[in-house]
Amino acid sequence: MTETRTLVIKATSGADRPEVANQALTVAAAAVAAGADVSLWLTGEASWFALPGRAATLTLEHAAPLADLLDVVLEAGQVTVCTQCAVRRDIGPDDVIAGIRIAGAPTFVDEVLAPGAQALVY
């Protein structure tokens, strides 16, 4: 029996770098589809995607809509906004899409150091 691996993806870019932002969420959604446990961290400018409607504002030619990719990850994985990133942007727990949590560096470190975890940063 094959052990399911956890993929922890840290997205650091938002509308400032749409191609990188889309790559991070595309990989996260593909990993969910492949059956991996996925934890997507929205940090820096990617933090804005945790707010309702914000992911839909990013469009990129020849790419799946960011909002659809985020929905796939939310349905079967964990999505987290970095605590410090949220505070710097005045984003609170009541502001984010249902199912998205706000957590800090200790939680991220726990996830990436877990046995069988693989971390990627975009």
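> Hey, could you run me through the packing of aromatic side chains in this one?
Where two aromatic rings form a pair, the distance of their centres and the angle of their planes describe that pair. Under the definition given, this model contains one aromatic pair. Ring centres of W41 and F108 lie 5.3 Å apart, and the angle between their planes is 85 degrees; on these two criteria the pair is classed as edge-to-face. Placement of W41 in strand β2 (residues 37-42) and of F108 in helix α4 (residues 105-113) is noted, with a sequence separation of 67 residues between them. For the pair formed by W41 and F108, the shared burial category is buried. The side chain of K10 reaches across the aromatic face of F108, ending 4.5 Å from its centre.

> What is the right way to look at the pairing of strand β1 (residues 6-11) in this model?
Walk down a regular strand and you will see the side chains alternate between the two sheet faces. Of the strand pairs in this sheet, β1 and β2 are connected by six bridges, and their pairing is parallel. Paired with L7 across the strands is V38, a residue of β2. Taken together, β1, helix α1 (residues 18-33) and β2 constitute a β-α-β crossover, and its handedness is right-handed. Relative to strand β5 (residues 117-121), β1 runs parallel, the two being bridged by five bridges. Its bridge partner lying in β5, I9 is registered against L120.

> Just checking my understanding: could you explain the pairing of strand β3 (residues 78-82) for this structure?
With respect to burial, β3 is a largely interior element, four of its five residues being buried. Relative to β3, β2 is paired through four bridges, and the arrangement is parallel. Its bridge partner being in β3, S39 is matched across the sheet by Q78. For β3 and strand β4 (residues 100-103), the ladder comprises four bridges, and the chain directions are parallel. Each bridged residue has a counterpart across the sheet, and for C82 the counterpart in β4 is A103. Remark: the β3/helix α3 (residues 83-88)/β4 crossover connection has right-handed handedness.

> What am I meant to see in the nonpolar core here?
Burial of nonpolar side chains together is a common tendency in soluble globular proteins. L25, L40, L42, F49, L66, V73 and V79 are the most contacted members of the largest nonpolar core, which totals 29 residues. When contributions to this core are tallied by element, the ones reaching two or more residues are β1, α1, β2, α2 (66-76) and β3. When residues of this core are assigned to their parent elements, the largest contribution, seven residues, is made by α1. Excluding residues that lie within four positions of it along the chain, V73 makes contacts with A28, A29, V32, V38, L40, Q78 and V79.

> I tried to follow the packing of α1 against α2 on my own but got confused; where do I start?
How two helices sit against one another is set out by the angle between their axes and by the gap between those axes. As a packed pair, α1 and α2 sit with axes 9 Å apart at the nearest point and diverge in direction by 40 degrees. Relative to α2, α1 is oriented oblique. Both α1 and α2 take part in a crossing whose hand is left-handed. Contacts between α1 and α2 involve A21, N22, L25, T26, A28, A29 and V32 on the former and, on the latter, L66, L69, L70, V72, V73 and A76.

> I keep staring at α2 and nothing clicks. Help me out?
Note: α-helices contain 3.6 residues per turn, so residues at a spacing of three or four share the same orientation. Buried residues of α2: L66, L69, L70 and V73, and no others. Viewed along the axis of α2, the buried residues span an arc of 100 degrees, placing them on a single side of the element. The exposed residues of α2 that point more than 90 degrees off its buried face are E75 and A76. If you follow the buried residues of α2, they end up packed against α1, β2 and β3.

Criteria and cut-off values
- Residues numbered from 1 in each chain as written.
- Predicted model: local features only at pLDDT ≥ 70, side-chain atom pairs only at ≥ 80, totals over all residues.
- Heavy atoms only, no water.
- Phe/Tyr/Trp six-rings, centres within 6.5 Å; stacked < 30°, edge-to-face > 60°.
- Helix = DSSP H or I, 4+ residues; strand = E, 2+ residues; numbered from the N terminus.
- Buried < 20%, exposed > 50% of the residue type's maximum accessible area, 1.4 Å probe, protein only.
- Lys NZ or Arg CZ within 6 Å of the ring centre and 35° of its normal.
- Pairing = 2+ DSSP bridges.
- Right-handed = clockwise from strand over helix to strand, strands pointing away.
- Core = buried A, V, L, I, M, F, W, Y, C linked by side-chain atoms within 4.5 Å.
- Contact = heavy atoms within 4.5 Å.
- Axes fitted to C-alpha atoms, helices over the stretch in contact; angles between N-to-C directions.
- Parallel < 35°, antiparallel > 145°, perpendicular 65-115°, else oblique.
- Left-handed = near helix turned anticlockwise from the far one by under 90°.
- Arc of directions from axis to C-beta.

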